Amino acid sequence: MGVTRRLGTRDAPHPDGGITGDDEVLRALLRRRAAGGRADGNRIALAVSGGGMRGAYAGGMVHALTDAGLAPFFDVVYGSSAGAFVGAGLLLDSGRGSAAIFYEDMACREFIDPRRFPRRPLVSLDHLLDDVLVRSKPLDWDRLRDSPVPLRVVATALDDLAPHVLEPATSAEWKLALRATASIPLLAGPAVELHGQRWIDGSIGEPLPVLRALSEGATHVLALFTRAASELRRGDPAGAAGWARALDRLAPGLGRMAQESRRHAPVLAVLDDAAHPSRGGAHLLALLPERDEGVRGLTTDAARVERAAQSGYAAVVAALARLRDAA
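Residues numbered from 1 in each chain as written. Predicted model: local features only at pLDDT ≥ 70, side-chain atom pairs only at ≥ 80, totals over all residues. Heavy atoms only, no water.

Per an unreviewed UniProt entry, the protein goes by PNPLA domain-containing protein and derives from Pseudonocardia adelaidensis.

Here you go:
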């Protein structure tokens, strides 16, 4: 089940033991839709998780938010790794593309091919940025640069492995920024240089930028997870994958960070506790996929990835339906 439940109560517990949430986030978006504008004194943020091909879950959620007419009513969008690409799709009114790109264009050997490792990266960002986002699903870099609603792309600085928001100024820099937030040495390409620093995958340092949104003044945050509740709470299996051990040789600790699901713990703590000091009275709501379809970061089974997108879509549909039922 998704984590929107018992809508009509503040921070109601999920009956299956999932994450608590505050339906006021969706209510505020619906009020804005009815009014046709964002001038209500609130600051509503969307935070989108990374996770490689798990991004299909969030892509489905953004597709549903777009279909529901809610996409134009966020004030700021935060994204790490795949979440930044999904967030860009929402801002460019390409909700369906945010989901379909995963199963139509990325679930293939051109994008992910373990046979390339270790001579070349398993994941080809060149295929995504120079082929898919040019031909199959063109991304308008100029529109993204000039968007009145900012996309806050999180990347991890290679020197200290700390997360930061990139500040691209030109269309060319925006393309570099999206490459940077998804780059992992050996796995998805070398660090990207931008503004005098080298950057790698944003989800390594900050997989879901909820705390950042709160620290920057959000009064409402809608958080899109790319892991179902069972996987999120379970954590990663013991032992490091071969690519993770190789990353640790490159930079001690990098491999563990890159695969460690407990990186979500600080965000879960804030979402679970309405009185958490980091919340400052803000309204938080998390959406998780309705079902765990077995999609992981490097999944290339297109049918499974499509079901993941459908699961994400269903989470938003269910949330809005429950809200209507509670009215």
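What follows continues from the structure just given.
### Details of the packing of helix α2 (residues 55-67) against helix α14 (residues 302-326)
Between α2 and α14, the least distance of the axes is 6 Å, while the angle of their chain directions is 45°. Considering the angle they form, α2 stands oblique to α14. As for how α2 packs across α14, the hand of that crossing is right-handed. Residue-level contacts link Ala56, Tyr57, Gly60, Met61, His63, Ala64, Leu65 and Asp67 of α2 to Val305, Ala308, Ala309, Ser311, Gly312, Tyr313 and Val316 of α14. Among the residues forming the contact of α2 with α14, the class breakdown is 10 nonpolar, four polar and one charged. (Axes fitted to C-alpha atoms, helices over the stretch in contact; angles between N-to-C directions. Helix = DSSP H or I, 4+ residues; strand = E, 2+ residues; numbered from the N terminus. Parallel < 35°, antiparallel > 145°, perpendicular 65-115°, else oblique. Left-handed = near helix turned anticlockwise from the far one by under 90°. Contact = heavy atoms within 4.5 Å. Nonpolar A, V, L, I, M, F, W, Y, C, P; charged D, E, K, R; others polar.)

### Digging into unusual backbone geometry
Phe117 connects to Pro118 through a cis peptide bond whose omega is 5°. Relative to the helices and strands, Pro118 is located in the loop between α4 (95-106) and α5 (125-136). Here Leu186, not a glycine, exhibits a phi torsion of approximately 75°, which is positive. Looking at where Leu186 falls in the secondary structure, it is placed in the loop between α7 (171-180) and β7 (192-194). If you check the backbone angles, His195 has positive phi at about 55° while not being a glycine. Mapped onto the elements of the fold, His195 is located in the loop between β7 and β8 (197-200).

### Quick notes on the pattern of salt bridges
In the structure shown here, the tally under the stated rule is 21 salt bridges. Its salt-bridge partner being Asp126, residue Arg179 comes within 2.9 Å of it at the nearest N-O pair. Of this pair, Arg179 sits in helix α7 while Asp126 is found in helix α5, placing the two residues 53 residues apart along the sequence. A residue is classified by how much of its surface remains accessible, and Asp126, at 43% relative accessible area, is partly exposed. A salt bridge links Asp130 to Arg179, with the shortest nitrogen-to-oxygen separation between them at 3.9 Å. Taken together, the residues Asp130 in helix α5 and Arg179 in helix α7 connect sequence positions 49 residues apart. Residues participating in the shared-partner salt-bridge network are Arg32, Arg38, Asp40 and Asp75. (Salt bridge = Lys/Arg side-chain N within 4 Å of Asp/Glu carboxyl O. Buried < 20%, exposed > 50% of the residue type's maximum accessible area, 1.4 Å probe, protein only.)

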